[in-house]
Amino acid sequence: MRVVPQVIIRMPPPPKPAPPINYYALLKQAVKRDSNNAIVAVLQYPPFMQAIVRFCETARVFPGTPADRARYLGSIGWYFADQADFGRIADQKGLADKLSATL
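Since we're looking at a predicted model, the values are computed, not measured.

**A closer look at the packing of helix α1 (residues 23-30) against helix α2 (residues 45-60)**
Pairs of packed helices are described in terms of their axes, by the angle between the two and the distance that separates them.
Right, so step 1: Two numbers describe how α1 lies on α2: the axes approach to 8 Å, and their chain directions differ by 145°. The chirality of how α1 crosses α2 is left-handed. Contacts between α1 and α2 involve Y23, Y24, L26, L27 and A30 from the first element and P47, F48, Q50, A51, I52, R54 and F55 from the second.
Right, so step 2: Residue composition of the contact of α1 with α2, grouped by class: 10 nonpolar, 1 polar and 1 charged.

Put into structure tokens, the structure is as follows:
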């Protein structure tokens, strides 16, 4: 009787899915707030914009009226103490389009 060697191929385990991104935490880390919880500065524009755009995309799929979507976006807590950053925020790619499509 002839013995044939067996070949065992070991495959690496499948990759684990990435955990979902917490956009509230991302927004919190991207801004500096004062004691009244007002945003006094945007520290990191790309994460800030990523969080805002994701909130807009989430609001867009909500059933209801544009007022309901606006209420959701208002619940995020983006009250600014100073309007100095508004020009730079508004110039971020896609923000105006996302807000318009949402509302």
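Following the structure, the description resumes.
**Quick look at α2**
Helical geometry: 3.6 residues make up each α-helical turn, so side chains three or four residues apart lie on a common side.
Right, so step 1: Under the 1.5 Å per step criterion, the end-to-end length of α2 is 22 Å for 16 residues, consistent within 8% with the ideal 22 Å.
Right, so step 2: Those residues of α2 that fall on the buried side of the exposure criterion are Y45, P47, F48, M49, A51, I52, V53, F55, C56 and A59.

**Some points on the nonpolar core**
Right, so step 1: Grouped together as the largest cluster of nonpolar side chains are 20 residues, with contacts concentrated most on L27, V42, F48, F55, L73 and I89.
Right, so step 2: When residues of this core are traced back to their parent elements, those giving at least two are α1, β2 (39-42), α2 and α3 (66-74).
Right, so step 3: Sort the elements by how many residues they give to this core and α2 lands first, with 8 residues.
Right, so step 4: The contact partners of L27, leaving out residues within four places of it in the chain, are F48, A51, I52, F55 and I76.

Calculation criteria
Residues numbered from 1 in each chain as written. Predicted model: local features only at pLDDT ≥ 70, side-chain atom pairs only at ≥ 80, totals over all residues. Heavy atoms only, no water. Axes fitted to C-alpha atoms, helices over the stretch in contact; angles between N-to-C directions. Helix = DSSP H or I, 4+ residues; strand = E, 2+ residues; numbered from the N terminus. Left-handed = near helix turned anticlockwise from the far one by under 90°. Contact = heavy atoms within 4.5 Å. Nonpolar A, V, L, I, M, F, W, Y, C, P; charged D, E, K, R; others polar. Expected span 1.5 Å × (residues − 1). Buried < 20%, exposed > 50% of the residue type's maximum accessible area, 1.4 Å probe, protein only. Core = buried A, V, L, I, M, F, W, Y, C linked by side-chain atoms within 4.5 Å.

Purely geometric stuff here, so don't read any function into it on its own.
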